[in-house]
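The lines below spell out each chain.
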Amino acid sequence: MSLIYFDIDGTLTDWQFTVPGSTVRAVRRARENGHVCVVNTGRPYTHIDPHVRAISFDGYACSCGMHIILNGETLLHESFSPEFSRMCVAENRRHHILVIYESEEGMFFDPTMPMTPYLEHSHDHFGKTGLPVDGDIDAPGFFFDKFAAWATPETDVPSYLAFLKEHFDPIVRGEGFFEVVAKGFSKKTAMDRILQETGIPFADTYAIGDSLNDLLMLENVQHPIAMGNALPEVKSRSEYVTADVTEDGVEQALRHYGLI
């Protein structure tokens, strides 16, 4: 029995949110073979596309370690308070930041800031999946689990990064893009908990990813695997580089290691 972690965007799905048929077959075959398959993602659980959840996984490590579900049981779920969330909204506005706030309740946008094509695409796509996308971030009870942030030309990036590091463990993903989670949480912390719960030896752990926020995941398994479409830094720190997501990369990787 092995423990296999999968990123979503760029790994299980392409950038049009499509899951290749070969990926569905490969994950299901791995589970049939007795392996534990876990999604390890920055997304909250409700933000995972229904057709991804329909593949059927044994567990979900969501929101960069802030929400863990294993065999249908919630092991952990952390959120920020409404008071703290209001402070963050004010700071993000003060720093002229474009934001997507994320929680199990939905995806939230700041109506005082412009909608870029990417934000519009996210709003439309996730809205079509049934996820609430038009919530009011100025409502008294608003709260979030994590958020994604993009600097604008008006942003003092060093000042903003200092604010983030004071209150969060931000993941700097390049070009003024930050993924922001609570201190002490990461894809690694979720993996530590899942490894403890399953009792699977570390020697039998695998992870497949493609981007900088997957590095912690890849560094904390015996067998780190990069997608063919992964960033160069991710490939350089992996044991095996498989094919692109659209070229049956997940299936190729699982077959390479004899997991299917």
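The rules behind the values
- Along each chain, residues carry numbers from 1 onward, in the same order as the chain's sequence is written.
- Given that the model is predicted, a residue must reach a pLDDT of at least 70 before its local features are reported, and side-chain atom pairs must reach 80 or more before they are shown or counted; all residues, however, enter totals for whole chains, interfaces and linings.
- Working from all heavy atoms in the structure, the side-chain values ignore hydrogens and water.
- Here a strand is any run of E in DSSP of at least two residues, a helix any run of H or I of at least four, and the numbering for each starts at the N terminus.
- Every radius of gyration here is taken over C-alpha atoms, with the globule rule written as 2.2 Å times N^0.38, N being the number of residues.
- Only protein chains enter the accessibility calculation, which uses a 1.4 Å probe. A residue is then buried if its area is under 20% of the maximum for its type, exposed if over 50%, and partly exposed in between.
- Residue contacts are defined here by distance: any two heavy atoms, one from each residue, within 4.5 Å place the two residues in contact.
- Method for areas: the Shrake-Rupley scheme with a 1.4 Å probe, in which residue coverage is limited to the protein chains shown.
- Lys and Arg are tallied as positive, Asp and Glu as negative. Neither His nor the chain termini are counted.
- All charge positions are set by atom: Lys at NZ, Arg at CZ, Asp at CG, Glu at CD.
- Every axis corresponds to a line fitted to the C-alpha atoms, with the helix fit spanning only the stretch in contact, and the corresponding angles, defined between N-to-C directions, vary from 0 to 180 degrees.
- Any residue that is not Ala, Val, Leu, Ile, Met, Phe, Trp, Tyr, Cys, Pro, Asp, Glu, Lys or Arg is counted as polar, Gly included; the first ten are nonpolar and the last four charged.

(A) Representation of the overall build of the protein in the model. Secondary structure summary: the protein contains nine helices and 13 strands in total. Taken over the C-alpha trace, the protein has a radius of gyration of 18 Å; the compact-globule value for 260 residues is 18 Å, and the two agree within 12%. Oriented by its inertia axes, the alpha-carbon framework of the protein measures out at about 50 × 35 × 35 Å. In the protein, which comprises 260 residues, the proportion classed as buried is 54%. Restricting the contact set of the protein to residue pairs at least 6 apart, pairs at least 24 apart contribute 58%. Accessible surface for the protein amounts to roughly 11000 Å². Of this, 52% is attributable to carbon and sulfur atoms. Taken as two groups, the 20 positive and 38 negative side-chain charges of the protein have centres that lie 3 Å from each other.

(B) Representation of the packing of helix 1 (residues 21-32) against helix 9 (residues 249-256). Look at helix 1 against helix 9: their axes get within 7 Å of each other, and the N-to-C directions meet at 30°. On the side of helix 1, the interface is formed by S22, T23, R25, A26, V27 and A30, while helix 9 contributes V250, E251 and L254. Its residues assigned to classes, the contact of helix 1 with helix 9 comprises five nonpolar, two polar and two charged.

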